[in-house]
2 protein chains.
Amino acid sequence: MRRQSQKEFLEGYDASEFERPSVTVDLVMFTAMDRSLKVLLIRRGQQPFSGSWALPGGFVEMEETLEEAAARELEQETGVSAEGVYLEQLYTFGDPGRDPRTRVITVAYFALVDSSAITPKVTGQEEISDVRWFSVRELPKDMAFDHRTILEYAVKRLRNKLEYTAVGLELLPDQFTLSELQSLYETILGEKLDKRNFRKKTLSMGILQPTKGYRKGGHRPAMLYQFKDAKPSSTFKRTRFERG
Amino acid sequence: MRRQSQKEFLEGYDASEFERPSVTVDLVMFTAMDRSLKVLLIRRGQQPFSGSWALPGGFVEMEETLEEAAARELEQETGVSAEGVYLEQLYTFGDPGRDPRTRVITVAYFALVDSSAITPKVTGQEEISDVRWFSVRELPKDMAFDHRTILEYAVKRLRNKLEYTAVGLELLPDQFTLSELQSLYETILGEKLDKRNFRKKTLSMGILQPTKGYRKGGHRPAMLYQFKDAKPSSTFKRTRFERG
DNA sequence: ACAAAAGTGTTCCTAATACACCCATGA
DNA sequence: TCATGGGTGTATTAGGAACACTTTTGT
C-alpha cells in the first residue's frame, strides 16, 4: 500500500476526474510613505468577512505563471507597471478551512514598490475608499481569512531580509537621502540605528551614488543618492546596524 | 476595470464554476549515506516521462494541510514516521506547461531524514527497484517534469541554510562523530573545512553533547556526540568554516 | 544666535581565519 | 612500527559596535 498517491501521480489522469482545491495568489504590497512602512489592503464588500480588510489577490488563470498572476494583481491594484518592481514568492498557505467556503490554496507574494510611482487614486488617504495603505504598526483588527498571518509572515521576512540584503532600497523613490533610508530601516526593524555605522556600511556597499542634488527643507540640505545601476539585489554581510 | 480579479476573489463563488489547476506536493528528501548527500527519486512507469526519474509526490487531498500531504508522502516513501523529521516548505512551482498534460501547481517541500531510521526496503541500493537514493553529485540525466530545477533549488537552499543554521544535524543518526558531521558539511558545501575551526564552532554552539560511546573502526576511536535536547533548529552566526 | 538635521573618525572588541603537531588504535 | 584518522591551541586580522562633536542652513 505504500506509494499509493505516488501511483496516482505517476498515472496519466483526466484533469477533471479529481476534486481539486482552488488556487489564488495573494499579494503583500509594501511601500514606504511618511517614513513608515505601509501595506495595501482592500475592504471586502461580500461575505464572508464582509467589511474586513483583505490582501489583494485573485485566482491564478490557466495560462499564466504564478509570477505573472502576482504581477497582474499588482498592476491592477496600484496602476503601476510591475516592471522593475521587486516581487518575491513568500509562502504557500493551504490549510483547509482558511477559506470557509471551499478549499483555497493561496500562493503569497510580497512586493516592494516605490511610493512615488503609485497612481494618485491609491496614494490618497481617502478613508471612504475600499483600498487603503495601512501602516504596519496600525493594522486593522479585523482582517479576512488568514491574511493577518500572511501579513505578519511577510513583515518578518522583510525585516529579516533587510538585515543582510539591500532590498530596502526598492521601497524608496529614485533619489533619497541617507537619513530617509536610515529612517526607513529603523521603522521596519523597529529599532534605532547608529548614524555613522549606518552610513559607513551602506556607502561601503558601493551600490549608492551621490547625485548633484540636495534635499532642502528645514535645515541643512541633505545630499541625494541614487542606485548605481538598475535596482540591485546585492547581498551584504548578515549583520545589523546596532545601537543608536 | 481595475480590481477585476479582485472582484472575482471577493465574491462568493461556486467552487465548481472555474477551471482550475491541480495541486500536488513534491518532496525533495535528503539523507546522508556513505558521507555523501542523497536524494530519493522514483522511476516513472507511465507517460509522460516514462522511465525518467521523478521526485516523490502526489495530489493534495481536500481535507489535509500541505504539511500533512508532504508528511504523508514522506511516510509512504520511506516507511518512517514523519515525527521529528525536518520538513520545510521550499517553493511553489506553477509554470503552465511544467506538466504536459494539464496545469499542475506543485508545492515543493524538502525533508531531512536520518538514514538510520529508513526501512531496509528503501535503504538497499537495489538497482532493479524503481525507488533509489541518488547522490546529489550523480543525478540521472533524464528527470521528469521540472524536477531537476526543483532539486537544484533544494540543494541550493540546503547549502545556504547550512551556513547559518545547524540543520545538517537532522541528516545524521542520533549519535555521530564530529568527523562524520564535518565530512557531511564538506560534501554538501563542496569544499574542505578546517578541522579545528569546525570543531571549535560546532562545540561552541552548545547544542552537542559528548556521549560515553566511541566509534571504533580502522584506527583511533572517535567520540560519539548527540544533540542536547530534541532536534534543534538553532541558528548560529552566518559564516563559513573556511579553509582546510 | 539658535534650533535642527547633516555630516564625519577612532577605539574597542569579538569572532573568523590560518596554521602544525601529537595521540590512540589496528594491522 | 607504521599508517590512519582523532584530537588539540594560538596568533593574526577583519569587521561590527560604541561613541561626540562640528557644519550648514533657515528663522
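These numbers come from a predicted model, not from an experiment. Along each chain, residues carry numbers from 1 onward, in the same order as the chain's sequence is written. Lettering of chains starts at A and numbering of ligands starts at 1, both following the order in which they are written. The predicted origin of the model limits local features to residues at a pLDDT of at least 70 and limits the giving and counting of side-chain atom pairs to 80 or more, whereas totals for whole chains, interfaces and linings rest on all residues. With hydrogens and water stripped out, all remaining heavy atoms of the structure feed into the side-chain values.

Participant: Got a minute to help me understand the environment of A:Pro221 in this structure?
Facilitator: Residues and elements named next belong to chain A. Working definition: helices are DSSP H or I runs of at least four residues, strands are E runs of at least two. Numbering for both runs from the N terminus. With respect to the element layout, Pro-221 can be found in strand β10 (residues 219–227). Buried means the residue's accessible area, taken with a 1.4 Å probe over protein chains only, is under 20% of the maximum for its type, while exposed means over 50%, and partly exposed covers the values in between. A relative accessible area of 38% places Pro-221 in the partly exposed class. The spacing of Pro-221 and Ser-115 is 106 residues in sequence and 22 Å in space, taken between C-alpha atoms.

Participant: Can you walk me through the sheet that holds strand β8 (residues 176–177) of chain A in this structure?
Facilitator: Two modes of strand pairing occur in sheets, parallel and antiparallel, and in both the strands are linked by backbone hydrogen bonds. Each pair of strands is called paired provided DSSP finds at least two bridges between the two strands. One open sheet accounts for three strands, arranged β8-β10-β9 (chain A); its pairing is antiparallel. Every other strand in the sheet has two partners, leaving β8 and β9 (208–217) of chain A as the edge strands with one partner each.

Participant: Would you take a moment to explain the nonpolar core for this structure?
Facilitator: For soluble globular proteins, the rule of thumb is that nonpolar side chains tend to be buried together. Each nonpolar core is a collection of buried residues, namely Ala, Val, Leu, Ile, Met, Phe, Trp, Tyr and Cys, held together in the definition by side-chain atoms within 4.5 Å. B:Val28, B:Phe30 and B:Leu208 are the most contacted members of the largest nonpolar core, which has 89 residues in total. Should any heavy atoms of two residues lie within 4.5 Å, those residues are counted as being in contact. Those residues within four positions of B:Val28 in sequence are excluded, and the remaining contacts are B:Val39, B:Leu55, B:Leu90, B:Tyr109, B:Phe110, B:Ala111, B:Ile150, B:Leu151 and B:Ala154. Formed by 43 residues, the second largest nonpolar core is a distinct cluster that contains A:Phe30, A:Tyr91, A:Phe134 and A:Leu169.

Participant: Would you take a moment to explain the packing of helix α4 (residues 147–162) of chain B against helix α5 (residues 178–189) of chain B for this structure?
Facilitator: When two helices pack together, you describe them by how their axes are tilted relative to each other and by the distance separating the axes. All names here are of chain B. Under this scheme, a helix contributes an axis fitted over its contacting stretch, all axes are lines through C-alpha atoms, and angles between N-to-C directions fall in the 0 to 180 degree range. Where α4 contacts α5, the two axes come as close as 9 Å, and the packing angle between them is 135°. Judged by the inter-axis angle, α4 sits oblique to α5. Crossing hand, α4 versus α5: left-handed. Every residue of α5 that contacts α4 at Leu-158, Arg-159 and Leu-162 is listed here: Tyr-185, Ile-188 and Leu-189. Any angle that is under 35 degrees is reported as roughly parallel, and any over 145 degrees as roughly antiparallel; angles of 65 to 115 degrees are reported as roughly perpendicular and all others as oblique. We call a crossing left-handed when the near helix sits turned anticlockwise from the far one by less than a right angle, and right-handed when that turn is clockwise.

Participant: How should the sheet that holds strand β9 (residues 208–217) of chain B be read in this particular structure?
Facilitator: All names here are of chain B. Strand order across the open sheet formed by three strands is β8-β10-β9, with antiparallel pairing between neighbours. Both edges of this open sheet fall to β8 (176–177) and β9, since each of them pairs with a single strand only. Both β8 and strand β10 (residues 219–227) contribute to a ladder of two bridges, which runs antiparallel. Looking at β10, one finds that Thr-177 is bridged to Leu-224.

Participant: Got a minute to help me understand the side chain of B:Thr92 in this structure?
Facilitator: You can see B:Thr92 is positioned in strand β5 (residues 86–93). You can call B:Thr92 buried: its relative accessible area is 1%. Polar contacts, as counted here, are pairs of nitrogen or oxygen atoms within 3.5 Å of one another; within protein the pair requires one atom able to donate a hydrogen and one able to accept it, and residues that are adjacent in sequence qualify only if both atoms are side-chain atoms. A distance of 2.5 Å separates the side chain of B:Thr92 from the side chain of A:Thr92, its partner in a polar contact. For B:Thr92, the contacting residues outside a window of four places in its chain are A:Leu66, A:Gln89, A:Thr92, A:Val107, B:Ile105, B:Thr106 and B:Val107.

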